[in-house]
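Per-entry structural report
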Amino acid sequence: MKKYTCPMHPQVLKGEPGKCPLCGMDLVPLGGAKKEAQSHHEHQHHDHKEHSHHSETHNHSDSGYDKHEGHHTHDFLKRFWVSLIITVPILLLSEMIQHWFGFTIAFPGDKYVLLTLGTIIYIYGGMPFLKGMIGEIKAKAIGMMTLVAIAITVAYVYSVAVALGLKGMDFFWELATLIVIMLLGHWLEMRSTMAASKALQSLVALLPNDVTVERNGEAIKIKLEDLKNGETIIIKPGEKIPADGTIVEGVSYVNESMLTGESVPVKKEKDGKVIAGSINGEGALRVTATGVGKDSYLNKVINLVQDAQAAKSNTQNLADKVAKWLTYIAIAVGVITFIYWFSSSGDIAFALERMVTVMVTACPHALGVAIPLVVAISTTLSATNGLLIRNRTAFETTRKLSTIIFDKTGTLTKGSHAVEKVIPLTDKYAAEEMIQYAAAVQQYSEHHIAKGILKTLKERNLELWKSENFSYMAGIGVKAVVNGKEIVAAGPNYFKQNNLTEPETPKEINQSIETVNYVFIDGEVIGIITLADSIREGSQVAIDELRKMNIKSILLTGDNEKIAAAVSKQLGMDGYIANVLPHEKQEKVKEYQAKGEVVAMTGDGVNDAPALAQADVGIAVGSGTDVAAETADIILVNSDPRDVVKMIGFGKLTYKKMVQNLIWAVGYNVVAIPLAAGVLYPKFILSPAMGAVLMSVSTIVVAINASFLKIKK
């Protein structure tokens, strides 16, 4: 079922479009459902579902976010200016203002002019707050709008009574200034909030309007929404890349910084992958489109960011509870303040003024935006730096991590195994035949060992034989039928799994750096192929930085004891676990959790899935543009172990900002509410207008503080 949410109040989720019950803003579709919110007319023009993302995002003036920003924010500003103009004559006609500044303006019926102007500003200027109160009451979520609406209504009703003959001093000037300041403060706060959404819209703007494709041997320009998977795109120097794809011709350097955080342009050549939204360098490229519209990496990132921004974290839940109780406290304190001052002084005007000031000052507005703003900014910042957050609670947990378990291959090492030695163990088969049998059985595998063996086959110009009945044995190896013979290519775990005796390893093999892969034909070991891996650039820095953070690093691998020990020792890690099968990795994570450790599992997001799901924080590294690592909480787009450190550091900074905002929002109320109630009277008195100013300032301070959040490079 599609969900719709409010940009200002992510906690509001509905199954249909409409208005936010808390603030009256247009609801926008959540995540991937957003594209469904287009008009029927637009769908008629874009029949291909795979292009619907672009037709939604690229024409983003029609999106929910822009509707809100263009119309609703402007509406608050317009109401502010109109109310400000009306406030000027109200101030000039108010007895209190005339008394303060020593002038007099009086004429027959002046109080009715004041009543008329006060009524206009109450209805026109106060309408957003009155509507908001009705929405909050209906949603059983009484909050800021209710407090403001009660405050201005009390001030207005009492002032009307005075204008019609009740003894006392009217509140029209306080009412007018209060509404003007509230409208201005709300507009400023909305601008800050919408700035976070603009950062997400900047991702949408990465796509070009038009694309050049080859059709019937000719290069023609088409609209991006008409592009289909499988078509050949021509990308000229300096152009934006319109879709994910594979290069079929050309060499260039591509700028992917706005998507992956990689500041240096990346060299791309034939068979290389490109990402939609990145910018081509000086070379021309011909690319086969493989990810158009909703299938593109960019669209997946946008949906992940939207989902993460709408998700509640533990800190957000705390802020919501505090805001809810603060609202009840404000109403209670306001009523008690009125009763106290009216019973002690008999001055109903002063008592009402204190009650109105308490309610306005105590508005939990700052609390309402304290966490959502940090969430919106941090999630978008993360995405544009190659850190994709799928689970906000797990992201907050990163600050508590005590142990990180690293999968070796492809995470701490490059995973690009190169064949080192080919050693026949029988006279029946030559080295070339061994490679051909091994390559034939490995050709359907995506494992690093398979890629290394197939690369060697290609380098030696050997024929790739056909294979049948291919079977992948997780953590062990592969098997298939080649030339009518059963072929197995497997590591040492195959012997353990089948209760076989492993042959003695030849002395020329350096087991501390070489991975041993045995080749079996019809159950007989015919030879050994060894492959070597190299430490990934950045692994050493990552482990060193984690040590400085007092976070233990553990190596987890299916490789043998000697290789695991060598890599662990070289990097200075705190320990290693070798000869581990994929299904056993989850148990190893559990063992550390049982010791009271807060554990992150870092792997490739495929064969490490159970361990990633078990860990307190599952981090998929080396996934490249495959952002569908369903079991990971956080996806690091670049295969750089240093991003793990960057992610932990950013998690701590994000939490720090949340706490700072909470302390400010709550602390401000602790000081301001007693002042509003009149505890320092007569030495100091806080007017309703000044209370509104303080409340607006506190909200803006929270917004500015959130905007200072940055990722350390």
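Residues numbered from 1 in each chain as written. Predicted model: local features only at pLDDT ≥ 70, side-chain atom pairs only at ≥ 80, totals over all residues. Heavy atoms only, no water.

Going by an unreviewed UniProt entry, the protein carries the name Copper-exporting P-type ATPase B and comes from Chryseobacterium potabilaquae. The record held by UniProt for the protein lists under Sequence similarities (unreviewed entry) the comment "Belongs to the cation transport ATPase (P-type) (TC 3.A.3) family. Type IB subfamily." (UniProt positions renumbered as here; feature names shortened; annotations may be inferred.)

Our next topic: the UniProt feature "transmembrane region" (unreviewed entry) in the protein. Following the UniProt record, the feature "transmembrane region" (unreviewed entry) maps to residues 80–100, 112–130, 142–165, 171–188, 325–343, 355–383, 662–681 and 687–709 here. A distance of 27 Å separates the end C-alpha atoms of residues 325–343, which is 100% helix and 0% strand. The straight-line gap between the two end C-alpha atoms of residues 662–681 is 29 Å; of that span, 80% is helix and 0% is strand. (Helix = DSSP H or I, 4+ residues; strand = E, 2+ residues; numbered from the N terminus.)

Another point: unusual backbone geometry. For the peptide bond that leads from Y681 to P682, omega is 10°, which places it in the cis range. Relative to the helices and strands, P682 is located in the loop between helix 22 (642–677) and helix 23 (688–707). Positive phi values are uncommon outside glycine, yet N579 reaches one of about 55°. Relative to the assigned elements, N579 resides in the loop between strand 22 (575–577) and helix 20 (582–594).

With that settled, the discussion passes to the nonpolar core. Among the nonpolar cores identified, the biggest contains 105 residues, and I90, F172, L175 and I404 are the most heavily contacted of them. Sort the elements by how many residues they give to this core and helix 22 lands first, with 13 residues. Other than its neighbours up to four places away in sequence, F172 contacts I90, L114, L115, G118, Y156, S159, V160 and A163. In this structure, V422, A438, I449 and L531 belong to the second largest nonpolar core, which totals 25 residues. (Core = buried A, V, L, I, M, F, W, Y, C linked by side-chain atoms within 4.5 Å. Buried < 20%, exposed > 50% of the residue type's maximum accessible area, 1.4 Å probe, protein only. Contact = heavy atoms within 4.5 Å.)

Moving on: the side chain of E353. Relative to the elements of secondary structure, E353 occurs in helix 11 (residues 348–361). Of the residues examined, E353 reaches a relative accessible area of 15% and is grouped as buried. Beyond its immediate chain neighbours, meaning those up to four positions away, E353 contacts F171, E174 and P688.

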